[in-house]
Amino acid sequence: LYRYRKPKTKRAKRFLEKREPKLKENTKNAMLIKGGNANLTVTEVLKDIYAVKKPFAILYKKKNITRPFEDQTSLEFFSKKSDCSLFLFGSHNKKRPNNLVIGRMFDYHVLDMIELGIEKFVSLKDVKNSKCPEGTKPMLIFAGEMFDVNEEYRRLKSLLIDFFRGPTVTSIRLAGLEYVLHFTAVDGKIYMRSYKVLLKKSGCKIPRIELEEMGPSLDLVMRRTHLASDDLYKLSLKQPKALKPKKKKNISHDVFGTTYGRIHMQKQDLGKLQTRKMKGLKKRPAEKSAEDGGVSPKKSKSA
């Protein structure tokens, strides 16, 4: 049986704490693995995807003889070793030439993966234009009704968003929006194009936008799929209770977004209300005795 060992050094303790479950998970890392029979095209695709994904990616340069759809143990081993929840596996053979397998993990087990065939590839080196700096967060655009109608394409869209989304940011500056990844699904094919955004002068505050092709660009076709069951997929999307917003009582909003609050107060006794201590506001002895229900202290004069 596996026995948990306490860390002997502070460095090992920090390493284990980093891998513990968190309320807000870290940016997902991806591992790019080259199969045992990968050709030059597949190798170049993995290098270009690594250049786009950096610094949240690990590229394995050695060849690994594994078949993800037949045996997933090696992928799960690499996932646990490198702490990566996304993977891209490249291979090439006569039956499935120029093959890519993109997938993701849940609890270090394969959740879902989709096999894609490369029909056309233009590398980053082939496009002689300026490139975006490393670590630029891309804008993702999906075109084609298949991404909304077909379940396999819908899951592929979710997978691609997970793979390329990058870190979560709280604020955005206009000059930082300089990289676009465009995915188009039409006629049974997926076209991946990448563009650099150029901000040109327009004579007003809003700049004129131009897109310049940057690379890489891929023409892909979907092959085999391994999708998680609905129950497992729903479990992977479950959020901890601590992250769910707590419902606030006695607060409502109207159609314009105005917030209204309801306040509960006890009944106020105006008789005990403190007023300014002025001579004209003082109560006379007759008024005090009437309130107390007693007899006036002053005696009435006899005739």
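The name an unreviewed UniProt entry gives the protein chain is Ribosome production factor 2 homolog, with Chloroceryle aenea as the organism. The Sequence similarities (unreviewed entry) field of the UniProt record for the protein chain holds the comment "Belongs to the RPF2 family." The annotation that UniProt attaches to the protein chain under Subcellular location (unreviewed entry) is "Nucleus, Nucleolus".

Okay, the overall build of the protein chain next. Broken down by element type, the protein chain carries seven helices and twelve strands. By the compact-globule yardstick of 19 Å for 303 residues, the protein chain is too spread out, its C-alpha radius of gyration being 34 Å. The principal-axis extents of the C-alpha atoms in the protein chain amount to approximately 135 × 70 × 40 Å. Counting all 303 residues of the protein chain, 30% fall into the buried class. Considering only intrachain contacts with a sequence separation of at least 6, the fraction spanning at least 24 residues in the protein chain is 66%. Placing the 67 positive and 33 negative side-chain charges of the protein chain at their respective mean positions leaves the two points 11 Å apart.

Glancing now at the environment of Phe-121. Positionally, Phe-121 belongs in strand E5 (residues 109–122). A sequence separation of 98 residues divides Phe-121 from Asp-219, and the C-alpha atoms of the two residues are 6.6 Å apart.

Quick look at the packing of aromatic side chains now. Per the counting criterion, the structure on display carries seven aromatic pairs. Ring geometry for Phe-147 versus Tyr-153: centroids 6.2 Å apart, planes at 70°, classification edge-to-face. Relative to Phe-164, the ring of Phe-163 lies with its centre 5.0 Å away and its plane at 65°, an arrangement referred to as edge-to-face. In textbook terms, an aromatic cluster arises when at least three aromatic residues are bridged by ring pairs, as seen for Phe-142, Phe-147, Tyr-153, Phe-163, Phe-164 and Phe-183. Across the ring face of Tyr-233, the terminal group of Arg-155 is positioned such that the distance to the ring centre comes to 4.0 Å. The positively charged end of Arg-224 is found above the aromatic ring belonging to Phe-69, 4.4 Å away from the centroid.

This paragraph deals with helix H3 (residues 73–82). Three or four residues apart is the spacing at which side chains of an α-helix point the same way, because the helix has 3.6 residues per turn. If you check which residues of H3 are buried, you get Leu-75, Glu-76, Phe-78, Ser-79 and Ser-82. Projected onto a plane normal to the axis of H3, the buried residues spread over an arc of 160° and lie on a single side. Across from the buried face of H3, at angles greater than 90 degrees, the exposed residues are Phe-77, Lys-80 and Lys-81. Each element contacted by the buried residues of H3 is listed here: helix H1 (10–19), strand E1 (30–35), strand E2 (57–64), strand E3 (86–91), strand E4 (99–106) and E5.

Parameters at a glance
Residues numbered from 1 in each chain as written. Predicted model: local features only at pLDDT ≥ 70, side-chain atom pairs only at ≥ 80, totals over all residues. Heavy atoms only, no water. UniProt positions renumbered as here; feature names shortened; annotations may be inferred. Helix = DSSP H or I, 4+ residues; strand = E, 2+ residues; numbered from the N terminus. Rg over C-alpha atoms; globule rule 2.2 N^0.38 Å. Buried < 20%, exposed > 50% of the residue type's maximum accessible area, 1.4 Å probe, protein only. Contact = heavy atoms within 4.5 Å. Lys, Arg positive; Asp, Glu negative; His and termini not counted. Charge placed at Lys NZ, Arg CZ, Asp CG, Glu CD. Phe/Tyr/Trp six-rings, centres within 6.5 Å; stacked < 30°, edge-to-face > 60°. Lys NZ or Arg CZ within 6 Å of the ring centre and 35° of its normal. Arc of directions from axis to C-beta.

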